[in-house]
Amino acid sequence: MSVNRSTRPIDRLLEVMDRLRDPEGGCPWDLEQDFRSIVPYTIEEAHELADAIERGDMAQLKDELGDLLFQVVFHARMAREIGEFDFDEVAAAVADKLIRRHPHVFGDGAGTGMDAETQTENWERIKAAERREAGMTRHLDGVPAALPPLRRAVKLQKRAARAGFDWPDLEPVLAKIREELAELEHELGGGDRDRMEDELGDVLFAIANLARKLDIDADGALRRTNLKFETRFRAMETVARRNGQRFEDLDLEAQEE
């Protein structure tokens, strides 16, 4: 049975998903999946999307956006099967949320003009009100535990800063990084791996705080450096091959050169 190609692309995608999950003639692998088993793929697709953006590869970006959209469709389909919600409800809910969080665009004050800083403050106030309505009354409530650790560190720090728990400028942040590095260095000679892990975590948390204060995306900065390292390392291997050498056979001084 073919899929109708004359329908809107989103409807065609939903039809494809229906076929994949059809107990009669669907895909055995897709039929075996549940919310938990799909989560790693959802996260992976989001990372691949970020990688395409970092590389400036628009063809890959289009492809990865499609893969991420399919993950949304997959989760919505499984929710529909157990009578919870469907894709239309997901789309409607996010549209409602965006309208609610943008009163300067959709509300009575639309068209009056607002700078980005004021809009961000309003956005955070609206989100805070939504959390209170959901019973989340403490500042750190609602920060997902499953976030990548670096991103979660920044979110925790942002929430704490809204409660006034924040340094006024960069110098104390830099001093904290130096302090944590010194404490890590002190533990290196002790051989206590638990203590070393604890101090290394403190260093990373302090660096995440610096990224927040600089208004730099910590994940994006590290992703950019990873790409830079990968590009340079591949170039070193290429140079070695051109010279008739195996890179791994060179000593560190020659590799550095």
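Residues numbered from 1 in each chain as written. Predicted model: local features only at pLDDT ≥ 70, side-chain atom pairs only at ≥ 80, totals over all residues. Heavy atoms only, no water.

Right, let's talk about the overall build of the chain for a bit. Along the backbone of the chain there are twelve helices and zero strands. Written out in order from the N terminus, the α and β elements of the chain read α-α-α-α-α-α-α-α-α-α-α-α. On C-alpha atoms alone, the chain measures out to a radius of gyration of 24 Å, which is more than a quarter above the 18 Å that the 2.2 N^0.38 rule sets for 257 residues. For the chain, the C-alpha atoms occupy an extent of roughly 65 × 55 × 40 Å along the three principal directions. Taking all 257 residues of the chain together, 23% fall into the buried category. (Helix = DSSP H or I, 4+ residues; strand = E, 2+ residues; numbered from the N terminus. Rg over C-alpha atoms; globule rule 2.2 N^0.38 Å. Buried < 20%, exposed > 50% of the residue type's maximum accessible area, 1.4 Å probe, protein only.)

Another aspect to go through is a nonpolar patch on the surface. Taken together, the side chains of Leu170, Leu174, Leu214 and Ile216 define a hydrophobic patch exposed on the protein surface, amounting to about 300 Å² of accessible area. Summarising the element assignment, Ile216 is placed in the loop between α10 (193–214) and α11 (218–242). Using a relative accessible area of 45% as the deciding quantity, one classes Ile216 as partly exposed. (Patch = residues over 30% accessible without salt bridge, like charges linked within 9 Å, V, L, I, M, F, W, Y side chains within 5 Å. Areas by Shrake-Rupley, 256 points an atom, 1.4 Å probe, with all protein chains shown as cover. Salt bridge = Lys/Arg side-chain N within 4 Å of Asp/Glu carboxyl O.)

Quick look at unusual backbone geometry now. If you check the backbone angles, Asp215 has positive phi at about 60° while not being a glycine. Among the structural elements, Asp215 can be located in the loop between α10 and α11. Residue Asp215 is classed as exposed on the basis of its relative accessible area, which comes to 71%.

Between its terminal C-alpha atoms helix α4 (residues 58–81) stretches 35 Å, which fits the 34 Å expected from 24 residues at 1.5 Å a residue. When α4 is considered as a whole, its buried residues turn out to be Leu61, Glu64, Gln71, Val73, Phe74, His75, Ala76, Arg77, Met78 and Ala79. Its buried side turned inward, α4 meets α1 (9–20), α2 (28–32), α3 (35–55) and α5 (87–101). With its phi angle positive at about 75°, Gly83 sits one or two positions after the end of α4. (Expected span 1.5 Å × (residues − 1). Contact = heavy atoms within 4.5 Å.)

In this section: the packing of helix α8 (residues 149–162) against α11. One can describe the packing of α8 onto α11 by two numbers: an axis separation of 9 Å at closest approach and a directional angle of 150°. Relative to α11, the element α8 is oriented roughly antiparallel. Facing α8, whose interface residues are Leu150, Arg151 and Val154, α11 presents Ala218, Asp219 and Leu222. When the residues that make up the contact of α8 with α11 are grouped by side-chain class, the tally is four nonpolar, no polar and two charged. (Axes fitted to C-alpha atoms, helices over the stretch in contact; angles between N-to-C directions. Parallel < 35°, antiparallel > 145°, perpendicular 65-115°, else oblique. Nonpolar A, V, L, I, M, F, W, Y, C, P; charged D, E, K, R; others polar.)

The predicted coordinates should not be examined in detail at positions where pLDDT is low. Residues of the chain with pLDDT of at least 70 account for 94%, and the chain-wide mean is 89. The least confident element of the chain, judged by mean pLDDT, is helix α7 (residues 116–133) at 73; the most confident is α4 at 97. (pLDDT = per-residue confidence, 0-100.)

Further remarks concern the side chain of Arg212. By secondary structure assignment, the location of Arg212 is in helix α10. For Arg212, a relative accessible area of 15% puts it in the buried group. A distance of 2.6 Å separates a polar atom in the side chain of Arg212 from a polar atom in the side chain of Asp166. (Polar contact = N/O pair within 3.5 Å; in protein donor to acceptor, adjacent residues only side chain to side chain.)

This structure, assessed with the given rule, holds four aromatic pairs. Between the aromatic rings of Phe70 and Phe74, the centroid separation amounts to 5.6 Å while the plane-to-plane angle is 65°, which identifies the pairing as edge-to-face. Here the residue Phe70 and the residue Phe74 both occupy positions in helix α4, the gap between them amounting to four residues, near one helical turn. The class for Phe74 is buried, based on a relative accessible area of 1%. These aromatic residues form a ring-pair network of at least three members: Phe229, Phe233 and Phe247. (Phe/Tyr/Trp six-rings, centres within 6.5 Å; stacked < 30°, edge-to-face > 60°.)

What follows deals with the nonpolar core. Judged by nonpolar contacts, Leu13, Met17, Ile38, Val73, Phe74, Ala76, Met78 and Phe87 together constitute the single largest core of eight residues. Taken together, the elements giving at least two residues each to this core come down to α1 and α4. At four residues, α4 tops the list of elements feeding residues into this core. Within the second largest apolar cluster, five residues are counted, among which are Ala153, Val154, Ala208 and Ala218. (Core = buried A, V, L, I, M, F, W, Y, C linked by side-chain atoms within 4.5 Å.)

Moving on to the packing of α1 against α4. Contact pair α1 / α4: the axes reach a minimum separation of 10 Å and the direction vectors enclose 55°. On the basis of the axis angle, α1 is oblique to α4. Relative to α4, the crossing made by α1 is right-handed. Where α1 abuts α4, its residues Ile10, Leu13, Leu14, Met17, Asp18 and Leu20 lie against Leu69, Phe70, Val73, Phe74, Arg77 and Arg80. Residue composition of the contact of α1 with α4, by class: nine nonpolar, no polar and three charged. (Left-handed = near helix turned anticlockwise from the far one by under 90°.)

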